[in-house]
Amino acid sequence: MLHWPATAHTRKALRLLALALLAVPSGCGREHYRRQADRDSYAAVAGATGNPRYRVRDFTIDVDPRARFFDPFDPDRPPMPPDDPESHRLMHYVDGKRGAPGWHSDGDVADIELSSWQAYLPYDDQGQVVIDREGAVELARLHSRDYQEQLETLYLSALDVTFERFRFDAQFFGGNRTFFTADGRLRGPGGSSSLLTTDTDLEVRRLTATGGELVAGLANSIVWQFAGPDTNFHSSILNFSLLQPLLRFGGRARVLERLTLAERGLLGNVRQLERYRQGFYVEVTTGRGGGGGLSRRGGFFGGAGLEGFSGVGGGGFGRVGGFGLGGGGGLAGGGGVGAAQAGGLIGMLQDQQAIRNQEANVVGLRDSLAQLEAAYDAGRLENRFQVDFARQALYTGQSQLLNSKAAYEANLDDYKIELGLPPDVNLVVSDPLLDRFNLIDSAIVELQNEIAGLLDLVRNPELAAAQVELENWLGRLPAIREEVEAHLELVARDLEDFESGLADRRAALVRLQNLPEVERGDLDATLFDPAQLDRRLEAAHRDYGRLLAELAATWQEADQLSRELPGIEPSAARTRLARLVTQLSGRLLELSLLQARARLDVVGVVPIELEPEAALAIALENRPDWMNAKANLVDTWRLIRFNANALRSGLDVTLSGDLGTTGNNPVQFRDSTGRLTAGLEFDAPLTRLSERNVYRQALIEYQQQRRALMQFRDRIHQGLRNTLRQVELNEVNFELRRAAVLVAIGQVDLARLKLSQPPRPAETSEFGDTTARDLVDALGNLAAAQNNFLSVWVNYEVQRMSLDFDLGTMLLDDRGIWIDPGPITAETQSLRGGHRHHPAELLPPGLETSGESANELPPPVLAAPHGVE
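It should be emphasised that the depicted structure is a prediction, and the values quoted were computed from it without experimental measurement.

Cut-offs used in this document
- Residues numbered from 1 in each chain as written.
- Predicted model: local features only at pLDDT ≥ 70, side-chain atom pairs only at ≥ 80, totals over all residues.
- Heavy atoms only, no water.
- Helix = DSSP H or I, 4+ residues; strand = E, 2+ residues; numbered from the N terminus.
- Buried < 20%, exposed > 50% of the residue type's maximum accessible area, 1.4 Å probe, protein only.
- Contact = heavy atoms within 4.5 Å.
- Areas by Shrake-Rupley, 256 points an atom, 1.4 Å probe, with all protein chains shown as cover.
- Arc of directions from axis to C-beta.
- Pairing = 2+ DSSP bridges.
- Axes fitted to C-alpha atoms, helices over the stretch in contact; angles between N-to-C directions.
- Core = buried A, V, L, I, M, F, W, Y, C linked by side-chain atoms within 4.5 Å.
- Parallel < 35°, antiparallel > 145°, perpendicular 65-115°, else oblique.
- Left-handed = near helix turned anticlockwise from the far one by under 90°.
- Nonpolar A, V, L, I, M, F, W, Y, C, P; charged D, E, K, R; others polar.
- Patch = residues over 30% accessible without salt bridge, like charges linked within 9 Å, V, L, I, M, F, W, Y side chains within 5 Å.
- Salt bridge = Lys/Arg side-chain N within 4 Å of Asp/Glu carboxyl O.
- Lys, Arg positive; Asp, Glu negative; His and termini not counted.
- Charge placed at Lys NZ, Arg CZ, Asp CG, Glu CD.
- Phe/Tyr/Trp six-rings, centres within 6.5 Å; stacked < 30°, edge-to-face > 60°.
- pLDDT = per-residue confidence, 0-100.

Draft legend 1. Inspection of the overall build of the protein at higher detail. From N to C terminus, the protein includes 21 helices and 12 strands. Residues counted as buried form 43% of the 869 residues belonging to the protein. Counting only contacts in the protein whose residues sit at least 6 apart along the sequence, the fraction spanning at least 24 positions is 77%. Carbon together with sulfur atoms contributes 54% to the accessible area of the protein, which is approximately 44,800 Å² in total.

Next comes the structure, spelled out in structure tokens:
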């Protein structure tokens, strides 16, 4: 065993060593570095672009306290989340060894949901969360995990930029090494010794834009000898070195490439964030796929061996990423003659309207069953099969309605998940967008149901027909009369709206008359004849007047029955009351159909007049993903030069020197102790196979990316052509579907007319064998025609929004809500695209191009093809 001399000198040396250890700084805390990273990254994002359209204002990745995934705890020391019990034991005791202590020093939480986000939901008085399009987007922005991840991806892209900028900053380093060494008496020829050595180094490094590496430093050494008389020795040295590559690994094209890629990637992500926000709105509202997510470093790093960026791919031009917000059901099937079902919130609204159409169909079937039963009881229908057929159709319709409502609830739960909400949130979708397609007011449907319920009571032979019950049933008619008169006023206003909108409808029809399909005779030209509107309006007014007279007669009959009731035998009174309520039910069905006719012609579409070539020019001017795709190609092209540099000979200029102190003075520098070295280092290009392969790969990848950019442009063009083609198709289909609804209404009118006609003399059975089937089919056709009419309009609106998005001209307000452009033309979209920035406007002063103005660029310099002089 060794025994160190426990002398006073030794104790003094140990005390000095302890003081040196205590003086060592432990560094700044976690919060300091987090805030420093935030400050630098936010500044990088703010200055990434000079184009105000894409500038990100007030950018932050801090989570809103109203968000579901908000964490209220210290971000630098979050508490431990819930762990699996068996796995958790391994943190404290693993392989027979005790684990690290302090795992629970920051606390523990019992759940991963830590915020009181439910308190911020927009509840109404009934405790429901009612949302429209704006509310859905607001909730999605708060609670969507993907939206937050896109912001964080942009932050990480800025973080990369801060590192690449730091590489060209003056970087300071400093450190100290202190050792105490005690040798025993027999260790060396001089006997025992005690030495305390402390070495301090300070250094600054700088990388220049041309690849030069400059290093300057100061080293100081102090040695104390305690094994006898205290002695000490001080020395310092100043040193520097400069290495400047002249050929290989030198030059701005090579050295600045990493910084350039990072900066261009950040710019691309800033622009892509705006497109993502636009696509996010489109996705939440329509379910259509958005503009793709962001990629760290913009996805602009080529695969041909850029040093420092291992594992980063070349990045494509397609809609990558995405956030997958969907929803919407698919209840309003077009049956092949409508249009595709929308998703998102509009899809939910479409499902709601389809359910309302089904409810109206069920009411119509119920009323038809009552009419057929009345005809059967009166002997006008001899075949009971027709009554049973109508009853079976009613049961089927009620079952389908229940299934549709259940499917809607399931789709609503899916939509909640996509918004970032749990499925147990009491969410209600309510937006006036599709109210215009509520062709039959829901209040009329409710009144029809009430009358149908009263008719069931009156016609039920098992119920007593005492006079007091008849009086009670008759007593309900005055209230029903008030509601019917209120609906009459509503239909009158609908007719006024029909008349006031005639000018716009005529203009739309005249525009459609010029379509080639109409001029060639492929379509019935009478569908687009404005004169048909006047005839429909005149017929609607005529039918409205007739209904007023018939309802007035019904009320007179009700008043007469009320007066005569005391003197009428109950069974006869019940028969008269049943006939009266049946008549009222039929009149109300006619009123609902009249309202549908009036509202049908009020609905129109916002015109779109844009040629595919003009659309492509606008898109290539304004789409951020096209801008980024062009930048991507240039990045790949620059890699040719970057990787070609590695094929060159190595020729470096080196310069180094140092200057030391004399005597025992740490600051007494003398030139007599200095040294200066200058030289050249040459590396012949004898072995460059790996570099050759990387260079050849860069050439191939550039051509691949160039072809991919061509294809991307073609895809944009193809998508715009398809959208405009679909828009034109939907506009024509919309009028066809409108005409189909009118035909379906006419079919229901004709079928009901047979039942309402008075009996002919000496005929006991006057209804045909297909009366019930005709009526059921007419009602079913009406519901299907309404759904198809709705689906075509919805598809048109989705295409109009998508066109604004695909043109790159979509504008959002501060809340992320679409600013509707109205009619879409080349002029309106060019104005929405904003000011076109010439690249010279974005360059620092002194680096402008030679062009006279933003619109007068210098002609391109075309290189001669390979092999041509």
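Additional details are given in the paragraphs that follow.
Draft legend 2. Region of interest: helix α17 (residues 612–622). Turning to α17, its buried residues number three or more, namely Pro612, Ala615, Leu616, Ile618, Ala619 and Asn622. Mapping the buried residues of α17 onto a view down its axis gives an arc of 165°, with all of them on the same face.

Draft legend 3. View of unusual backbone geometry. Positive phi values are uncommon outside glycine, yet Asp58 reaches one of about 55°. Topologically, Asp58 is positioned in the loop between α2 (30–46) and α3 (85–92). Given a relative accessible area of 77%, Asp58 falls into the exposed group. Even without being a glycine, Asp95 presents a positive backbone phi close to 55°. Along the chain, Asp95 turns up in the loop between β1 (93–94) and β2 (97–98). A relative accessible area of 65% places Asp95 in the exposed class.

Draft legend 4. Summary view of the sheet that holds strand β7 (residues 231–245). Within the open sheet, the 6 strands sit side by side as β4-β5-β6-β7-β10-β11. Their pairing is antiparallel. Only two strands of the sheet have a single partner each, and these edge strands are β4 (171–183) and β11 (675–683). Across the sheet, the axes of successive neighbouring strands diverge by a mean angle of 15°, strand direction being ignored. In the sheet, strand β6 (residues 213–225) pairs with β7 via 13 bridges, with the strands oriented antiparallel. Opposite Leu214, over in β7, you have Leu242 as the bridge partner.

Draft legend 5. Seen up close, the nonpolar core. Among the nonpolar cores identified, the biggest contains 128 residues, and Ile131, Leu154, Leu266, Leu477 and Leu577 are the most heavily contacted of them. Dropping the residues within four chain positions of it, Leu154 is found in contact with Val45, Val56, Phe59, Leu266, Asn269, Val270, Leu273 and Leu294. Counting 21 residues, the second largest nonpolar core, distinct from the first, contains Ile608, Ile716, Val727 and Ile824.

Draft legend 6. The packing of helix α15 (residues 530–564) against helix α16 (residues 570–600), seen in detail. Their axes nearest at 10 Å, the elements α15 and α16 cross at an angle of 160°. By the angle between their directions, the pair α15 and α16 is classed as roughly antiparallel. Both α15 and α16 take part in a crossing whose hand is left-handed. Considering only residue class, the contact of α15 with α16 consists of 13 nonpolar, 2 polar and 10 charged.

Draft legend 7. Molecular detail of the environment of Ala619. Structurally, the position occupied by Ala619 is in helix α17. Ala619 sits 188 residues away from Leu807 along the chain, and the two C-alpha atoms are 4.2 Å apart. When sequence neighbours within four positions are dropped, the list of residues in contact with Ala619 reads Ile716, Leu720, Asp806 and Leu807.

Draft legend 8. Representation of the pairing of strand β10 (residues 650–660) in the model. Examined bridge by bridge, β7 and β10 share 9 bridges and lie antiparallel to one another. Across the sheet, the residue bridging to Leu242 is Leu655, located in β10. Alignment of β10 against β11, held across 9 bridges, turns out to be antiparallel. Within β11, the residue paired with Asp658 across the bridge is Arg675.

Draft legend 9. The arrangement of a nonpolar patch on the surface in detail. Residues Leu214, Phe240, Leu242, Leu655 and Leu676 make up a contiguous nonpolar surface patch of roughly 410 Å² in combined accessible area. Here Leu655 is to be found in strand β10.

Draft legend 10. Here's a closer look at the packing of helix α8 (residues 344–377) against helix α9 (residues 384–419). Where α8 meets α9, the axes come as close as 9 Å, and the angle between the chain directions of the two elements is 165°. When the interaxial angle is binned, α8 and α9 end up roughly antiparallel. The two elements α8 and α9 cross, and the hand of that crossing is left-handed.

Draft legend 11. A look at the pattern of salt bridges. One pass over the full model with this rule turns up 48 salt bridges. Among the salt bridges present, the one from Arg264 reaches Asp635, with a minimum N-O distance of 2.6 Å. Linking Arg264 in helix α7 (residues 257–286) with Asp635 in helix α18 (residues 624–644), this pair joins segments that are 371 residues apart in sequence. A residue is classified by how much of its surface remains accessible, and Asp635, at 0% relative accessible area, is buried. Arg579 serves as the salt-bridge partner of Glu557, at 3.9 Å between the closest nitrogen and oxygen. Placement of Glu557 in helix α15 and of Arg579 in helix α16 is noted, with a sequence separation of 22 residues between them. Glu557 sits in the partly exposed class, given a relative accessible area of 21%. Linked by salt bridges that have partners in common, Arg505, Arg536, Asp601, Glu735 and Arg738 make up one network.

Draft legend 12. A look at a negative patch on the surface. The grouping of Glu446, Glu450, Glu482 and Glu483 at the surface amounts to a negative patch. Listed by contribution, the elements that provide at least two residues to the negative patch are α10 (442–459) and α12 (477–500). On the secondary structure map, Glu446 appears in helix α10. When its relative accessible area of 56% is taken as the criterion, Glu446 is described as exposed.

Draft legend 13. Molecular detail of the packing of aromatic side chains. The final tally for this structure, using the stated rule, is 10 aromatic pairs. Judged by centre distance (5.9 Å) and plane angle (75°), the ring pair of Tyr42 and Tyr155 falls under edge-to-face. One end of the pair, Tyr42, is in helix α2; the other, Tyr155, is in helix α5 (residues 145–166), with 113 residues separating them in the sequence. Judged by its relative accessible area of 7%, Tyr155 is buried. A centroid spacing of 5.4 Å and a plane angle of 65° characterise the contact between Phe437 and Phe789, whose relative ring orientation is edge-to-face. On the criterion of sequence distance, the pair formed by Phe437 in the loop between β8 (427–429) and α10 and Phe789 in helix α20 (residues 771–806) is long-range, its members being 352 residues apart. With respect to class, Phe437 is no different from Phe789; both count as buried. The rings of Phe437, Phe734, Phe789 and Trp793 are connected pair by pair, giving a single aromatic cluster.

Draft legend 14. How the structure looks around the environment of Met80. Locating Met80 in the fold gives a position in the loop between α2 and α3. Distance from Met80 to Ser105, taken between C-alpha atoms, is 9.0 Å for residues 25 residues apart in sequence.

Draft legend 15. Here's a closer look at the side chain of Thr654. Topologically, Thr654 is positioned in strand β10. Judged by its relative accessible area of 18%, Thr654 is buried.

Draft legend 16. Representation of the confidence of the model for the protein. Taken as a whole, the protein shows an average pLDDT of 84; of its residues, 85% reach a score of 70 or greater. For residues 835–869, every residue scores under 50 in pLDDT, and the model assigns this stretch 18 contacts once sequence neighbours within four places are set aside.

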